[in-house]
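One-letter residues, chain by chain:
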Number of protein chains: 2
Amino acid sequence: MTIRVLAKVITFPDKLEETKALLMSLIEATRQENGCLRYELWQNQEKPTEFSFVEEWADQAALDAHFQTPHFLDALQKTEKLLMSSPEIVLYQLIK
Amino acid sequence: MTIRVLAKVITFPDKLEETKALLMSLIEATRQENGCLRYELWQNQEKPTEFSFVEEWADQAALDAHFQTPHFLDALQKTEKLLMSSPEIVLYQLIK
């Protein structure tokens, strides 16, 4: 059973473009990782300061490895001062 | 540009199985609708009372039509007494 993830971030309004660019910079490197089956960046239409990554990983090991990659750790550290709250990362399983 | 949707519902603990069955009953009928590109039911691993539909629709018209279908309206009415809060339906656009 693969692991699905919704990772929500809310940026300060005046940091929106900077945050968006930083989140986008994560995508290519992440999609190359072992076990990364889906990694999409969505933006809330009504509240553009809210972004959600919609992800699917082959297993927990692949997700754990992702959290230790240089590009993820770098982005996590850089977004710290851009976000209104820490990222909300929730793991799901597919029901149907 | 297609429309992506995250629709989150949180059920009362003692209504979990009933809610899960009701949400699952929506899936086949919804996937047959015009413009329905993706319609998945996810369950929060840590908090099993929380479900999220992860959806993609061809356009706003397809999504609006979905909200008027008998199966959606029926499920909405039946879940009313099963959920701790009204469903949180958020529209997104894909950034990348």
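Everything numeric in this text was worked out from a predicted model, so none of it was measured.

Undergrad: What exactly am I supposed to notice about the pairing of strand β1 (residues 3–10) of chain B here?
TA: For a regular strand, side-chain orientation follows a simple rule: the groups alternate between the two sheet faces. All names here are of chain B. β1 sits mainly inside the fold: 7 of its 8 residues count as buried. Pairing geometry for β1 and strand β3 (residues 50–57), over 8 bridges, is antiparallel. Residue pairing for β3: Val-9 is matched across the bridge by Phe-51.

Undergrad: I'm lost on the packing of aromatic side chains in this one. Help?
TA: Aromatic ring pairs are defined here through the distance separating the ring centres and the angle between the ring planes. With the rule as written, the count across this model stands at 8 aromatic pairs over all chains. Centre to centre, the rings of Trp-42 of chain A and Tyr-92 of chain B are 5.7 Å apart; their planes meet at 55°, and the pair counts as tilted. Taken as a pair, Trp-42 of chain A in strand β2 (residues 36–44) and Tyr-92 of chain B in strand β4 (residues 88–94) lie in two separate chains rather than in one. Across the pair, Tyr-92 of chain B and Trp-42 of chain A agree in class, each one buried.

Undergrad: Please explain the packing of helix α1 (residues 16–31) of chain A against helix α3 (residues 70–79) of chain A as it appears in this structure.
TA: Packed helices, taken two at a time, are described by the angle their axes make and the gap between the axes. All names here are of chain A. Interaxial distance between α1 and α3 falls to 10 Å at its minimum, and their mutual angle equals 170°. The pairing of α1 with α3 is recorded here as roughly antiparallel in orientation. Along the contact surface, α1 presents Leu-22, Leu-23, Leu-26, Ala-29 and Thr-30, while α3 presents His-71, Phe-72, Ala-75, Lys-78 and Thr-79. Tallied by class, residues from the contact of α1 with α3 come to 6 nonpolar, 3 polar and 1 charged.

Undergrad: Just checking my understanding: could you explain the interface of chain B and chain A for this structure?
TA: Bring the parts together and some accessible area is lost; that lost area is often taken as the interface size. Tallying the contact residues gives 28 residues for chain B and 28 residues for chain A. Of the roughly 2600 Å² buried between chain B and chain A on both sides combined, carbon and sulfur atoms contribute 58%. One salt bridge in this structure joins Glu-40 of chain A and Arg-38 of chain B, with 3.1 Å as the shortest N-O distance. Linking chain B with chain A are 18 residue pairs in polar contact (both at pLDDT 80 or more), by the criterion used here. Secondary structure elements with two or more residues in the side of chain B that touches chain A: β1, α1 (16–31), β2 (36–44), β3 and β4 of chain B. Examining the composition of the side of chain B that touches chain A, we find that 7 residues originate from one element, β2 of chain B, more than from any other. Within the side of chain B that touches chain A, the residues separate by chemical class into 14 nonpolar, 5 polar and 9 charged. When strand β4 (residues 88–94) of chain A meets β2 of chain B, the two strands line up antiparallel, connected through 3 bridges. Its bridge partner being in β2 of chain B, Gln-93 of chain A is matched across the sheet by Gln-43 of chain B.

Undergrad: I tried to follow the relation of the copies chain B and chain A on my own but got confused; where do I start?
TA: Note: a rotation about an axis with an accompanying shift along it relates these two copies of the chain. Of the transformation placing chain B onto chain A, the axial shift is 0.0 Å and the rotation is 180°, giving an RMSD of 0.0 Å. The relationship between the two copies is best expressed as a two-fold rotation axis. Proximity to the rotation axis, assessed at the C-alpha, singles out Val-54 of chain B in chain B; its C-alpha lies 4.3 Å from the axis. Both copies contact each other with a shared surface, as 100% of the interface residues of chain B are interface residues in chain A too.

About the criteria used
- Residues numbered from 1 in each chain as written.
- Chains lettered and ligands numbered in written order.
- Predicted model: local features only at pLDDT ≥ 70, side-chain atom pairs only at ≥ 80, totals over all residues.
- Heavy atoms only, no water.
- Buried < 20%, exposed > 50% of the residue type's maximum accessible area, 1.4 Å probe, protein only.
- Helix = DSSP H or I, 4+ residues; strand = E, 2+ residues; numbered from the N terminus.
- Pairing = 2+ DSSP bridges.
- Phe/Tyr/Trp six-rings, centres within 6.5 Å; stacked < 30°, edge-to-face > 60°.
- Axes fitted to C-alpha atoms, helices over the stretch in contact; angles between N-to-C directions.
- Parallel < 35°, antiparallel > 145°, perpendicular 65-115°, else oblique.
- Contact = heavy atoms within 4.5 Å.
- Nonpolar A, V, L, I, M, F, W, Y, C, P; charged D, E, K, R; others polar.
- Buried area = accessible area lost by both parts, 1.4 Å probe.
- Salt bridge = Lys/Arg side-chain N within 4 Å of Asp/Glu carboxyl O.
- Polar contact = N/O pair within 3.5 Å; in protein donor to acceptor, adjacent residues only side chain to side chain.
- Least-squares fit on C-alpha atoms with pLDDT ≥ 70 in both.

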